[in-house]
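# Topology and contacts: notes
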Amino acid sequence: MTPTPRPFSQFVVKVHSRCDLACDHCYVYEHADTSWRRRPKVIDEEVLNIIAERISEHAAAHRLPVVRVVLHGGEPLLAGPDRLRHAAEALRAALPPGCALDLRIHTNGVQLSDAYCELFAELGVKVGISLDGDRVANDRHRRFADGRSSHPMVLRAVELLRRPEYRHLFAGLLCTIDIENDPVAVYRALVELEPPAVDFLLPHATWEEPPKRTPGGGEAPYGDWLLAVHARWEADGRPFAVRTFESVHRTLHGLSSLTESLGLEPSDLVVLETDGSFEQADSLKTAYDGAPETGLDVFSHSLDQVALHPGVVARQSGLAGLSATCRACPVVRSCGGGLYAHRYRADTGFDNPSVYCGDLMKLITELTDRTEPVVPAQSGEPVLPDALDERQLDQLARGYGDEETVRALSRSQLSLTRAMLAAAWDASGRGRAEAWGLLSELDGAAPAAVDAVLAHPYARAWAARRLAGDLSVGLGELAALAAAAAVRAGRGDKVAVPVRGGWLHLPTLGRIAVPDGETVVTGLADGFEVRASDGSVFTALDQPLRRVRLAGGWTVALEDVDPLRDSHDHACAERLSDGELLGWTGALRESWELLGRDLPRYAEGIRAGLATVTPLRPGPQGRDVSSAARQAYGAVGIARPATAPTLALLLAHEFQHVKLGAVLDLFDLYDRADDRLYFAPWRPDPRPLEGLLQGTYAHLAVTEYWGTRSAAYDGLPGEAADRARAQFALWRRYTAEAVERLAESGTLTALGRRFADGMRESVSPWLAVPLPAEAERGAERARRERGQLPLAGA
């Protein structure tokens, strides 16, 4: 039986195989492998097209929500702007719906220019730069072939990325360690550049070609070097993300590593060379000539075939794939045996500890000693299975939920957010301790202020992304939460918040244009004061969070400033203009009236639980799009449709996802070990059971919406009446069929079967409503088409 391959989600695409520098520590040109000599210098456009197709089919087959592609080399900028544009456009165009592209380029920076930055801003390409520190440190290895320094040109490149118009492109710096360089001097040189992240990398070495050791340098000089940097990094309040340090902190708390060089997580990275051949990790080039080769290429092989290559499987085998020495080591779950390439020895292959074993041991044990056990300071109710009573569960099982029921869900979600924030802060090594301490203090002294901030949907989104290892969201967001709570409390509390990209965001309040650097926010009885790094003072929001007041006194926030609103599957709209705000206000008010009239049993719960609408950009050809982010309870994302009835439908549809997500946080409705795929009647592609469950639950509201619309047109002619009846016929049939597929899956728990029974109970009366034969025939035609997704498909 063929084993199931583990999917790849990270792809290194070599767009140029040569370089304009002659770095003497480069693993591509200066180590054991010589395959670069046989590669085309520049990747062909047709090869890029096939690579894009292979990645797309892999993403579709494994339902990947996102893929990360790094354009690499050699020096990728040597490929030229036209080839890089083609690469970005081909990759983005090929990906299946629902799969996002995280596209980056890693460069030495020598060729970076305004024109390239404009191109990358247009194409959404983030830029990482290689820089080893100050001029002395960088020039030790990163020089031109004639010996000239590259340092001034690299600094010019970094300064480009620090400009406000390009700051969002800056992915970070990559620094290769040399123990002859002063670690503190290197750190200071890098921190002055205000990067969002820095990767400190051990130089590639093996037991055959051991790393540099200096006389009198101690038994673990690389561990000592990193610990010196860590001490300064902690003392400075962690001014940028460091994957090595973050990974050690995370693995010590039982979470996943953020880098292949630490931890036991299976590798999910593959390299595609300029000739279209698949290779394993680039670092293997340091082991022996041909070490990363697979013998496979994009023309004849799929990525699933690559995933079954013995070398790839070995890098995905976790603890079982380590040497006996490593398996018996007390820090193995943090170390993970080190980078696979660093284990190589000619006589025993990779069945060895890392050549940096002593350094990793010292780094991890020292950081363990520096990490004290933490009892989360946040109070709040625990998330308990009895958060809902039997009556409320019955309501939810049928797709509904009155005000009391949805408020119970909201309380359980607030408790979960508190727990996740504590876990995220703990797993991140407890940086920004003063912000955490203030948040904890206010939780006792001004709980309403803290509740208001933590109930904002994107507070939990921050915690979820940190716990998932997303270092693009830093601990600065935690400080911003504390600052917003301090402003709401108005007690005079102060907290430092870092500013990047020219905006200070205060969750639930809005944002202020402030110079980059460390700001101090003070919550005052009559407002707030923000003191910027240059001494300037701000006392008003430039872009406040705006709210729309609806009938009955209910208000909903139009969230167009929170940086974490990108948690939705679709691109978010920019700050709404006054005209757009007016359009949204009118549409929301009219749609709320329609919901109260046509879907009163859904409207009550929506009013109790929907706090935020995040405007999205329209889909291709202006198609309506909507989204409910799984880790952002209380928010829905919608691109404003042309009509208020459509907006009403999308609000009801997406809030069904919000409610069911909250239920799934409390209860198991199905066996989560079930990895089978199920067809939903409204989609051509199979989905995991949760996808079928979510879609079915959402379409209960869709069915009732079209049922009430059809009833309103009863006996009336016209195009609108015909459409309402056809949509009703279609969605009642789809939803009823989906309920039966769930019930017959054999994987529902007792409570899950109760939900299936409840959904059946809700849809059954609609099946009994008589409709004209033409409406039924239209529904049957739509069912056969399959590829044409009806309105509000999940």
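Turning next to the pattern of salt bridges. Summed over all chains, the structure comprises 65 salt bridges. A salt bridge links Glu-774 to Arg-777; the nearest nitrogen and oxygen atoms lie 3.0 Å apart. Pair noted here: Glu-774 and Arg-777 are both in helix 26 (residues 773-785), with a separation of three residues, about one helical turn. Owing to a relative accessible area of 42%, Glu-774 belongs among the partly exposed residues under this scheme.

What follows deals with the sheet that holds strand 2 (residues 66-72). Taken in spatial order, the nine strands line up as 6-5-4-3-2-1-7-8-9 in an open sheet, and their pairing is mixed. Strand pairing shows two members of the sheet lacking a second neighbour, strand 6 (198-201) and strand 9 (293-297), which therefore form its edges. Strand-to-strand twist of the sheet, defined as the mean angle between neighbouring strand axes without regard to direction, takes the value 25°. Where strand 2 lies against strand 3 (residues 100-107), six bridges are found, and the strand directions are parallel. Following the sheet pairing, Val-69 is matched in strand 3 by Leu-103. Helix-sheet contacts for helix 2 (residues 81-94) involve strand 2 and strand 3, and the interaxial angle to strand 3 is about 160°. Across the face of the sheet, helix 5 (residues 151-162) comes into contact with strand 4 (125-130) and strand 5 (170-176) while running at roughly 150° to strand 4.

Gly-73 connects to Gly-74 through a cis peptide bond whose omega is 20°. A positive phi angle, near 55°, is found at Arg-63, a position not held by glycine. Checked against the element boundaries, Arg-63 lands in the loop between helix 1 (45-61) and strand 2.

Under the definition given, this model contains five cavities of 30 Å³ or more. Looking at the largest cavity, its volume works out to about 180 Å³. Along the wall of the largest cavity there are 19 residues; nearest its centre are Gly-263, Glu-265, Arg-315, Gly-336 and Arg-343. Considering only residue class, the lining of the largest cavity consists of seven nonpolar, eight polar and four charged. Approximately 60 Å³ is the volume attributed to the second largest cavity. Partitioning the lining of the second largest cavity into residue classes produces two nonpolar, five polar and four charged.

Attention now moves to the sheet that holds strand 11 (residues 503-506). On the basis of which strands lie adjacent, the open sheet formed by three strands has the order 11-12-16 and antiparallel pairing. Strand pairing shows two members of the sheet lacking a second neighbour, strand 11 and strand 16 (543-544), which therefore form its edges. Where strand 11 and strand 12 (residues 510-513) come together, four bridges link them in antiparallel fashion. Each residue of the ladder has a partner; that of Leu-504, found in strand 12, is Ile-512.

Positionally, Arg-589 belongs in helix 20 (residues 578-598). A residue is classified by how much of its surface remains accessible, and Arg-589, at 42% relative accessible area, is partly exposed. Separated by 109 residues in the primary sequence, Arg-589 and Ala-480 place their C-alpha atoms 31 Å from one another. For Arg-589, the contacting residues outside a window of four places in its chain are Val-548, Arg-549 and Leu-550.

The next point concerns helix 15 (residues 403-427). The terminal C-alpha atoms of helix 15, which comprises 25 residues, lie 36 Å apart, in line with the 36 Å expected from a rise of 1.5 Å per residue. Counting buried positions over the 25 residues of helix 15 gives 18, a clear majority of the element. Structurally, the start of helix 15 carries an N-cap: the backbone nitrogen of Glu-404 is 3.3 Å from a side-chain oxygen of Asp-402. Of the residues one or two after helix 15, Gly-429 is the one with positive phi, at around 85°.

Below, the discussion takes up the packing of aromatic side chains. Scanning the model with the defined rule gives 18 aromatic pairs in all. Taking 5.2 Å as the distance between ring centres and 45° as the angle between the ring planes, the aromatic pair formed by Trp-233 and Phe-245 counts as tilted. Note that Trp-233 is positioned in helix 7 (residues 221-235) and Phe-245 in helix 8 (residues 243-252), a separation of twelve residues in sequence. By way of ring pairs, the aromatic residues Tyr-288, Tyr-340, Tyr-344 and Phe-350 are connected into one cluster. The ring of Phe-728 carries Arg-732 above its face, with NZ or CZ at 5.0 Å from the centroid.

To continue, consider the packing of helix 14 (residues 390-397) against helix 25 (residues 750-767). For the pair helix 14 and helix 25, interaxial distance at closest approach is 8 Å and the crossing angle is 55°. Accordingly, the angle class assigned to the pair helix 14 and helix 25 is oblique. Seen from helix 14, the contacting residues are Glu-390, Leu-393, Asp-394, Leu-396 and Ala-397; seen from helix 25, they are Leu-751, Arg-754, Phe-755, Gly-758 and Met-759.

A word on the layout of surface pockets. Computed from the structure, the second largest pocket encloses a volume of approximately 720 Å³. Asp-451, Ala-452, Ala-455, His-456 and Ala-611 are the residues nearest the centre of the second largest pocket, which is lined by 32 residues in total. Those elements that provide at least two residues to the lining of the second largest pocket are helix 15, helix 17 (447-454), helix 18 (457-467), strand 18 (555-558) and helix 21 (600-609). Taken together, the residues of the lining of the second largest pocket sort by class into 13 nonpolar, eleven polar and eight charged.

The next point concerns the side chain of Asn-138. Topologically, Asn-138 is positioned in helix 4 (residues 135-139). Assessed through its relative accessible area of 0%, Asn-138 is described here as buried.

On to helix 22 (residues 644-666). With 23 residues, helix 22 should reach 33 Å at 1.5 Å per residue; the first-to-last C-alpha distance of 34 Å fits that figure. Most of helix 22 is tucked away: 21 of the 23 residues are buried.

Our next topic: the confidence of the model for the protein chain. Residues of the protein chain with pLDDT of at least 70 account for 95%, and the chain-wide mean is 89. Low confidence marks residues 372-385, where pLDDT is under 50. Its contacts with residues over four positions away, or in another chain, come to 26 contacts. pLDDT under 50 marks residues 786-794. Its contacts with residues more than four places away, or in other chains, come to 35 contacts.

Moving on, we get to the side chain of His-16. Its place among the elements puts His-16 in the loop between strand 1 (10-14) and helix 1. Relative accessible area serves as the criterion here: at 7%, His-16 is assigned to the buried category. A polar contact is formed between the side chain of His-16 and the backbone oxygen of Lys-41, at a distance of 3.4 Å. With residues up to four places along the chain from it excluded, the contact list for His-16 reads Lys-41, Val-42, His-72, Gly-73, Gly-74, Glu-75, Pro-76, Leu-78, Ala-79 and Thr-274.

Cut-offs and rules
- Residues numbered from 1 in each chain as written.
- Predicted model: local features only at pLDDT ≥ 70, side-chain atom pairs only at ≥ 80, totals over all residues.
- Heavy atoms only, no water.
- Salt bridge = Lys/Arg side-chain N within 4 Å of Asp/Glu carboxyl O.
- Helix = DSSP H or I, 4+ residues; strand = E, 2+ residues; numbered from the N terminus.
- Buried < 20%, exposed > 50% of the residue type's maximum accessible area, 1.4 Å probe, protein only.
- Pairing = 2+ DSSP bridges.
- Axes fitted to C-alpha atoms, helices over the stretch in contact; angles between N-to-C directions.
- Contact = heavy atoms within 4.5 Å.
- 1 Å grid on protein atoms, 1.4 Å probe; cavity = no way out; pocket = protein on both sides within 12 Å on 5 of 7 lines; lining within 4 Å.
- Points joined across faces, edges and corners; volume = space filled by probe spheres on them.
- Nonpolar A, V, L, I, M, F, W, Y, C, P; charged D, E, K, R; others polar.
- Expected span 1.5 Å × (residues − 1).
- Polar contact = N/O pair within 3.5 Å; in protein donor to acceptor, adjacent residues only side chain to side chain.
- Phe/Tyr/Trp six-rings, centres within 6.5 Å; stacked < 30°, edge-to-face > 60°.
- Lys NZ or Arg CZ within 6 Å of the ring centre and 35° of its normal.
- Parallel < 35°, antiparallel > 145°, perpendicular 65-115°, else oblique.
- pLDDT = per-residue confidence, 0-100.

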